[in-house]
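Tertiary structure, described
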Amino acid sequence: MLKKYIIAIDLGGTNLKIALLDLNFRIKARQSFPTGRLKTKFKLIAKIKSSVTEILSAEKISRSEVLGIGIGVPGPVDYGSGKVHFFPNIPGWKDVALKSILERMIRLPVLIDNDANLMCLAEARLGAAKKSKNAVCLTLGTGVGAGLLINGDLYRGSGFAAGEIGHMPLNEEGPRCNCGGRACLERYIGNKEILKSAKKYFKRNITLEELSSLAKKGNKKAKELWYNVGIKLGIVLAGVVNLINPDRMVIGGGVADAGKILFSAVIQTIKERSMPVQARSVKVLKARLGSSAGLIGAAILLKEGLNK
Ligand SMILES: [Zn+2]
């Protein structure tokens, strides 16, 4: 039967999203479940299976019309074998052969990659980095990750672990990091660190949304805080710009909503600190696809991956 659909799964630390897309990557149906309730990996895998069955039967689509399943996961995965190494924010996932388990259970081809790579793939094909040849796409959240597009394709590295921009050291000395390193970018501009500095500035707990809206209204403290985040990010990105010479730098994730103050600090720092040819080549843009980027990227991964 003619293959007309793709199943996309975005397994996040907060939500498990499952969707049916057509071959033009339009979302036809979707379901979402809080990840925290699916306590074990067995429950989570069973939920994926039942949700896929439910969506197909509700849409009156047979499995033979589906090309396969693309999955994005929040942690390092061996793209070749589809084995998950671990998830920093979901316990119980050590060396799980997710691709072969799901292929056996659902009897469809499965391809898996990490969420930062899939966000990059989605932005590169349909979003802010469309028609880009060389791009760096960042997601700023609890973690700070990136996907690298080189010569129009994702660059994954030797162990499929490239793009860990949050773990580029910013200083010689500094706070220890979960990754085993020290003074990593994430230890300065990860969500938790931003909220910690905000608490010091405002002498109370404050959310990221409030911090962004205060800055947009002209609050001096909030503006200064975002400016400082932008400078730190810009310093690391200036090095990345020199190393990769990209044409696009795409910034997404909750922190990107801080808006102009953050972006102008990043752009200014890149201009000042990277080499002239590289600085001239690059445009810094906000990500366009928002919270659907993971699902769209997973569907693109599957379609392009099966064609290779
Ligand atoms: Zn680190």
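What you see is a predicted model, and the numbers here were worked out from it, not measured in a lab.

Conventions we followed
- Residues numbered from 1 in each chain as written.
- Predicted model: local features only at pLDDT ≥ 70, side-chain atom pairs only at ≥ 80, totals over all residues.
- Heavy atoms only, no water.
- Helix = DSSP H or I, 4+ residues; strand = E, 2+ residues; numbered from the N terminus.
- Expected span 1.5 Å × (residues − 1).
- Buried < 20%, exposed > 50% of the residue type's maximum accessible area, 1.4 Å probe, protein only.
- Arc of directions from axis to C-beta.
- Contact = heavy atoms within 4.5 Å.
- Phe/Tyr/Trp six-rings, centres within 6.5 Å; stacked < 30°, edge-to-face > 60°.
- Lys NZ or Arg CZ within 6 Å of the ring centre and 35° of its normal.
- Domains from an automatic or database assignment.
- Buried area = accessible area lost by both parts, 1.4 Å probe.
- Salt bridge = Lys/Arg side-chain N within 4 Å of Asp/Glu carboxyl O.
- Pairing = 2+ DSSP bridges.

What about helix H5 (residues 191-202)?
Here H5 spans 16 Å end to end across 12 residues, near enough to the 16 Å set by a 1.5 Å rise per residue. Buried within H5 are the following residues: Asn191, Glu193, Ile194, Ala198 and Phe202. The buried side chains of H5 occupy one side of the element, clustering within an arc of 165° when seen end-on. Along H5, exposed side chains directed more than 90 degrees from the buried face belong to Lys192, Lys196 and Lys200. Check the buried side of H5 and you find it contacts helix H4 (186-189), helix H6 (208-216) and helix H7 (220-244).

Comments concerning the packing of aromatic side chains
Inspection of every chain in the model, using the stated rule, returns 2 aromatic pairs. With a centroid separation of 5.0 Å and 40° between ring planes, the pair formed by phenylalanine 87 and tryptophan 93 is classed as tilted. Like tryptophan 93, phenylalanine 87 is buried. The ring of tyrosine 79 carries arginine 156 above its face, with NZ or CZ at 3.6 Å from the centroid. Over the face of the ring belonging to phenylalanine 202 we find lysine 221, whose NZ or CZ atom lies 5.6 Å from the ring centre.

A look at the domain arrangement of the protein chain
Along its sequence, the protein chain is organised into domain 1 (5-118 + 292-307) and domain 2 (132-287). With centres defined by C-alpha atoms, the gap from domain 1 to domain 2 works out at 28 Å. Taken together, the 8 residues of domain 1 in the interface contact 7 residues of domain 2. At the boundary of domain 1 with domain 2, total buried surface from both sides reaches about 740 Å², with 49% on carbon and sulfur atoms. Together, Tyr79, Ala116 and Asn117 form the three largest contributors to the area buried by domain 1 at its contact with domain 2, with a combined 57%. Where domain 1 meets domain 2, there are 1 salt bridge. Those elements giving two or more residues to the side of domain 1 that touches domain 2 turn out to be strand E5 (77-78) and helix H3 (115-126).

Digging into the pairing of strand E7 (residues 110-114)
Among the 5 residues of E7, 5 are classified as buried, and the element is accordingly described as predominantly covered. Burial of E7 is two-sided: the residues Val110, Ile112 and Asn114 facing one way and the residues Leu111 and Asp113 facing the other way are all buried. The pairing of strand E4 (residues 66-73) with E7 spans 5 bridges and is classified as parallel. Residue pairing in the sheet places isoleucine 71 in a bridge with isoleucine 112 of E7.

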